[in-house]
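# Breakdown of the fold
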Amino acid sequence: MSKTTVIVGAGITGLSCAHYLVERGHEVIVIDKDLIDNGASTGNAGIVGVGHPPLQRPGLTRKTLGFLLDPKGPLYIKPKLDPELWRWFWGFRKACTKRQFERSMKTLMRMAGEITNSFDDLIKGNDIDCEYRDSGWLELYGTAKAGKRIEEEAEMQRAAGLKIDLLDKQQLSTFEPAIHDRVQGAAHFKESAFLSPRKLILGLVDHLRKKGVVIKTNTRCTAFENNGSRFKALRTHTGERIEADHIVLAAGVWTSQLVRHFNTSIPMQAGKGYHLKLASPPSPVPQLSIACVCAETFVAITPIDNGIQLAGTIEFSGINHRLRQKRLRMLQVGAQHYIKGLGQSAPRSSWCGLRPCTTDGLPAVGRLPNWDNAYTTTGHAMMGLALGPISARLLAETIDEGNPSIALPDLDPGRFGRR
């Protein structure tokens, strides 16, 4: 007898959950309050960063004070009297230690080994055309200070099991001719990949609908029904009642509000990110063939969608989609000294989206405490594209078998306490 699962959220995590559950024989309903194209999953940098470290890193809080009042900084926290934001930031500060970084990397590396397999399941197994390229990505640096930091971080990441090559200026110019002469070197993260996130999401939606998954967009969840510790049904803003054997909350930053109905606290803030799509640099400039991240400006540069996409910045200004032109312009300014011809590339479109950021830098994946059939997968921050599919697979295993194939206690949704 098949089971019905309702998933709240149609981003990469929610849709991946739908994929793994329908493969296990579930009838699946996905609801989302927006259109598919509006979420953070369709507009991110497109880098599948295997073993990518969390935002919370040793020493980061010392730098953060300089960003607080600087809207041009890569990390911007809008000054305002918001007790919830400052409680979150206090937790963020406590997580920026070497001990927590090493603990987080240990957890992330346990997931890293399965990331490629998860993308094989999603993309190759379902023949989704999303420009997937497994050539890795480059972290470029233009100063000795940034180069030293990259070498130190690479040493920690190699110790955790990542394969990283350090390239000097001459090696880099041979490896990728599109890199600007100002760049002094790079780290090559060889096990990673990049793709068009929009094409991935739209392709996954099409695949799931063919498999019988019901996907309802522009549908808000307004209430939940339960019988003791068992979820029974949810109601939508249209008055529709959806019964299910299981519920998965995968609504990004909005999950914080949803889990309160289940007496659970997952403190998150919306880390707003921007992207700017450009035409490819004009001929005869060499065309970029690999995704890059600029070490000094934190801008990601990805050759996708028949052009170049610039993505970056993280802005904590609440849940809103206000697109600040000044921060958007920072992307092209912050990238043009790294890739040849980017200063002459014409803008095509712009976007902003909200990343769900937990205080400790790790996602929350698993069964909600004291509930028999309510689950979540959320809080992936800037790692959602890479970690969404493997998180979804582990959650599907938990729903059907009680435990995931990889035990990850640090991702327990109950670690933040009750509401």
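Report on the accompanying structure. Only a predicted model underlies this, so the values are computations on that prediction, with no experimental measurement involved.

## Re the overall build of the chain
What the chain contains, in helices and strands, is eleven helices and 20 strands. Scaling as 2.2 N^0.38, a compact globule of 419 residues should have a C-alpha radius of gyration of about 22 Å, and the chain matches this with 21 Å. Principal-axis analysis of the C-alpha atoms places the extent of the chain at approximately 65 × 45 × 40 Å. Among the 419 residues that make up the chain, the fraction classed as buried is 57%. The contacts in the chain between residues at least 6 apart in sequence include a share of 75% that link residues at least 24 apart. By element, 49% of the accessible surface of the chain is carried by carbon and sulfur atoms, the whole surface being about 17,800 Å². Seen as two clouds, the 54 positive and the 41 negative side-chain charges of the chain have centres 7 Å apart.

## A look at the environment of Leu140
With respect to the helices and strands, the residue Leu140 is situated in strand 5 (residues 137-141). Among all residues touching Leu140, those that are not within four sequence positions of it are Leu172, Ile179, Val183, Gly185, Ala186, Cys292, Val293, Cys294, Ala295, Glu296, Tyr338 and Ile339.

## A short note on unusual backbone geometry
A cis amide bond links Ser283 with the next residue in sequence, Pro284, at an omega value of 10 degrees. Assignment of secondary structure puts Pro284 in the loop between strand 14 (268-278) and strand 15 (291-294). Of note in this structure, Asn370 is not a glycine but carries a positive phi near 70 degrees. With respect to the helices and strands, Asn370 occurs in the loop between strand 19 (364-367) and strand 20 (374-378).

## A word on the sheet that holds strand 12 (residues 241-243)
In spatial order, the strands read 10-11-12; together these three strands make up an open sheet with antiparallel pairing. Two strands lie at the open edges of the sheet, namely strand 10 (221-227) and strand 12, each paired on one side alone. Neighbour-to-neighbour, the strand axes of the sheet open up by a mean angle of 25 degrees, direction not taken into account. With six bridges joining them, strand 10 and strand 11 (residues 230-236) adopt antiparallel strand pairing. Note that in strand 11 the partner of Asn227 across the bridge is Arg230.

## A look at the sheet that holds strand 19
A sheet is described by the order of its strands in space; here six strands give the open sequence 9-2-1-13-20-19, paired in mixed fashion. Here the strands that pair on one side only, and so sit at the sheet edges, are strand 9 (214-216) and strand 19. The mean inter-strand angle of the sheet, taken between neighbouring strand axes irrespective of direction, is 15 degrees.

## Focus on the environment of Arg348
Here Arg348 shows up in strand 18 (residues 347-358). Its relative accessible area of 48% is what places Arg348 among the partly exposed residues. Each C-alpha atom, one on Arg348 and one on Gly307, is 9.1 Å from the other, the two residues being 41 residues apart in sequence. Within polar-contact distance, the side chain of Arg348 engages the backbone oxygen of Asn306 at 2.9 Å.

Analysis parameters
- Residues numbered from 1 in each chain as written.
- Predicted model: local features only at pLDDT ≥ 70, side-chain atom pairs only at ≥ 80, totals over all residues.
- Heavy atoms only, no water.
- Helix = DSSP H or I, 4+ residues; strand = E, 2+ residues; numbered from the N terminus.
- Rg over C-alpha atoms; globule rule 2.2 N^0.38 Å.
- Buried < 20%, exposed > 50% of the residue type's maximum accessible area, 1.4 Å probe, protein only.
- Contact = heavy atoms within 4.5 Å.
- Areas by Shrake-Rupley, 256 points an atom, 1.4 Å probe, with all protein chains shown as cover.
- Lys, Arg positive; Asp, Glu negative; His and termini not counted.
- Charge placed at Lys NZ, Arg CZ, Asp CG, Glu CD.
- Pairing = 2+ DSSP bridges.
- Axes fitted to C-alpha atoms, helices over the stretch in contact; angles between N-to-C directions.
- Polar contact = N/O pair within 3.5 Å; in protein donor to acceptor, adjacent residues only side chain to side chain.

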